[in-house]
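Single-letter residue listing:
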Amino acid sequence: MILHDPSGLPLGVTITQLTAFLAALDDGSFTAAAKTLGMTQASVSELVARLERELGVTLFARGSRRLVPTAAALELRPHAAQAVSAVQNGIDTIQALASLERGTCTLGVLRNAAYYALADLAETFHHRHPNVRLRLVGINSAHVARSIAAGELEAGLLVLPVDEDGLEVRPLFRDEVLYASATRTPEAGPVTIEEAADAKLVLYDAFAGWDDPTRRQLLERARLRGLTIEPAVEVEHVETALSLVAAGTADTIVSRSIAESDAFPSGIRTFPFAEPMHDTIALVQRAGVLLSPATQKLAELAERMLRERLPEHQGRTALS
């Protein structure tokens, strides 16, 4: 049985052979075709001869000054042109993607991306590569990790730890987690896990719950002391939690980047934990899978913006 490609040609036929055939057919001689293709006359003649052997037909009547195509050659022409065109279109598409002239890139980002100097990531990338479609998916880090593992997202910036297998993780920096309260006195000092367990807390990322990496760290610390954490209120967004904290309803936890933002309520004081706790921000992708050129560029830009706009200081440290 002879296998055929979608154009109907045997799989042993090469695009180079078909290209030489079409050039000889259009130019009327192997010499003229060689000039068109930038090859030697002997090379073109041999390519056509190999094609004839592969197909088991004669494509040109030799012996005159001009090649005379046979009926088989005329029948082959549209199929050969289709095959060569399809391959060239594929090459052009890949080159366009590699040069960021086309394509779509998708990146998962932190739910609180605005606090990590990524608010203008989309604007900056689109200005540099206006023909690339951009999808930034801002969901909880636990869900970003699952989406990457499932192939729904190419890569993402997220908070560790996450449990998904088959991920390639590159930590970028650590951001200290602080205790936030409007009622705790400034002289109270660092917060112990016992105090946090006894406190009235409002925690955000309600949909992710204890899968959220920051909440997960807090819970694991409490469990090591035989304690439990039971939030009095759960909300979805950190801004809602901070509004409740500012009103004196409850306390919460936030990263230093959030606490030092211009939007952080002035009436809320922050305190370190007695045993310092940190969010580790990482760039994550599926292990063994190359990112598309556009997503690779977007990930590089996101990392560079983070490093440039989040200078190291107490509680925040670059990791690579």
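Quick caveat, the model's predicted, so the values are computed rather than measured.

Draft legend 1. The overall build of the protein chain, seen in detail. Helix and strand counts for the protein chain stand at 11 helices and 11 strands. A separation of at least 24 residues holds for 74% of the contacts in the protein chain among residues at least 6 apart in sequence. About 16,200 Å² of surface is accessible on the protein chain, with carbon and sulfur atoms providing 52% of the total.

Draft legend 2. Region of interest: the nonpolar core. Of all hydrophobic cores here, the largest spans 41 residues; its most connected members are Leu121, Val254 and Phe264. Of all the secondary-structure elements, those providing two or more residues to this core are strand S3 (104-109), helix H5 (121-128), strand S5 (155-160), strand S6 (167-181), helix H9 (238-246), helix H10 (256-259), strand S10 (269-286) and helix H11 (293-309). Counting residues per element, this core draws most heavily on H11, which supplies seven residues. Not counting the four nearest positions on each side in its chain, phenylalanine 264 is found in contact with Ala180, Leu242, Val254, Ile258, Ala259 and Thr270.

Draft legend 3. Structural context of the packing of helix H2 (residues 30-37) against helix H3 (residues 41-55). For the pair H2 and H3, interaxial distance at closest approach is 8 Å and the crossing angle is 105°. By the angle between their axes, H2 is roughly perpendicular relative to H3. When H2 is examined against H3, the residues Phe30, Thr31, Ala33, Ala34 and Leu37 are found in contact with a partner set consisting of Gln41, Val44, Ser45 and Val48. Of the residues in the contact of H2 with H3, the class split is six nonpolar, three polar and no charged.

Draft legend 4. Structural context of helix H8 (residues 213-224). In this model, H8 (12 residues) spans 17 Å end to end at C-alpha, consistent with the 16 Å of a helix rising 1.5 Å per residue. Trailing H8 by a residue or two, glycine 226 shows a phi angle of about 75°, which is positive.

Draft legend 5. The packing of aromatic side chains, seen in detail. Under the counting rule described, the total for this entry stands at four aromatic pairs. Between tyrosine 116 and phenylalanine 173, the ring centres sit 6.2 Å apart and the planes meet at 45°, which makes this aromatic pair tilted. Taken together, the residues span a long stretch of sequence, with tyrosine 116 in the loop between S3 and H5 and phenylalanine 173 in strand S6 at a distance of 57 residues. Since its relative accessible area comes to 7%, phenylalanine 173 is described here as buried. Geometrically, the ring pair formed by tyrosine 179 and phenylalanine 273 is edge-to-face, given 6.2 Å between the ring centres and 85° between the ring planes. Of this pair, tyrosine 179 sits in strand S6 while phenylalanine 273 sits in strand S10, placing them 94 residues apart in sequence. For tyrosine 179, a relative accessible area of 1% corresponds to the buried category. Relative accessible area serves as the criterion here: at 5%, phenylalanine 273 is assigned to the buried category. An aromatic cluster is built from Phe21, Phe30 and Phe60, whose rings are joined through pairwise contacts. The ring of phenylalanine 271 carries arginine 184 above its face, with NZ or CZ at 4.5 Å from the centroid. If you follow arginine 215 out to its NZ or CZ, it ends over the ring of tryptophan 210, 4.7 Å from the centre.

Draft legend 6. Summary view of the side chain of arginine 184. Note that arginine 184 resides in the loop between S6 and helix H7 (193-198). There is a polar contact of 3.3 Å between the side chain of arginine 184 and the backbone oxygen of proline 190. With residues near it in sequence (within four places) discarded, arginine 184 still touches Tyr179, Gly189, Pro190, Val191, Glu195, Arg269 and Phe271.

Calculation notes
Residues numbered from 1 in each chain as written. Predicted model: local features only at pLDDT ≥ 70, side-chain atom pairs only at ≥ 80, totals over all residues. Heavy atoms only, no water. Helix = DSSP H or I, 4+ residues; strand = E, 2+ residues; numbered from the N terminus. Contact = heavy atoms within 4.5 Å. Areas by Shrake-Rupley, 256 points an atom, 1.4 Å probe, with all protein chains shown as cover. Core = buried A, V, L, I, M, F, W, Y, C linked by side-chain atoms within 4.5 Å. Buried < 20%, exposed > 50% of the residue type's maximum accessible area, 1.4 Å probe, protein only. Axes fitted to C-alpha atoms, helices over the stretch in contact; angles between N-to-C directions. Parallel < 35°, antiparallel > 145°, perpendicular 65-115°, else oblique. Nonpolar A, V, L, I, M, F, W, Y, C, P; charged D, E, K, R; others polar. Expected span 1.5 Å × (residues − 1). Phe/Tyr/Trp six-rings, centres within 6.5 Å; stacked < 30°, edge-to-face > 60°. Lys NZ or Arg CZ within 6 Å of the ring centre and 35° of its normal. Polar contact = N/O pair within 3.5 Å; in protein donor to acceptor, adjacent residues only side chain to side chain.

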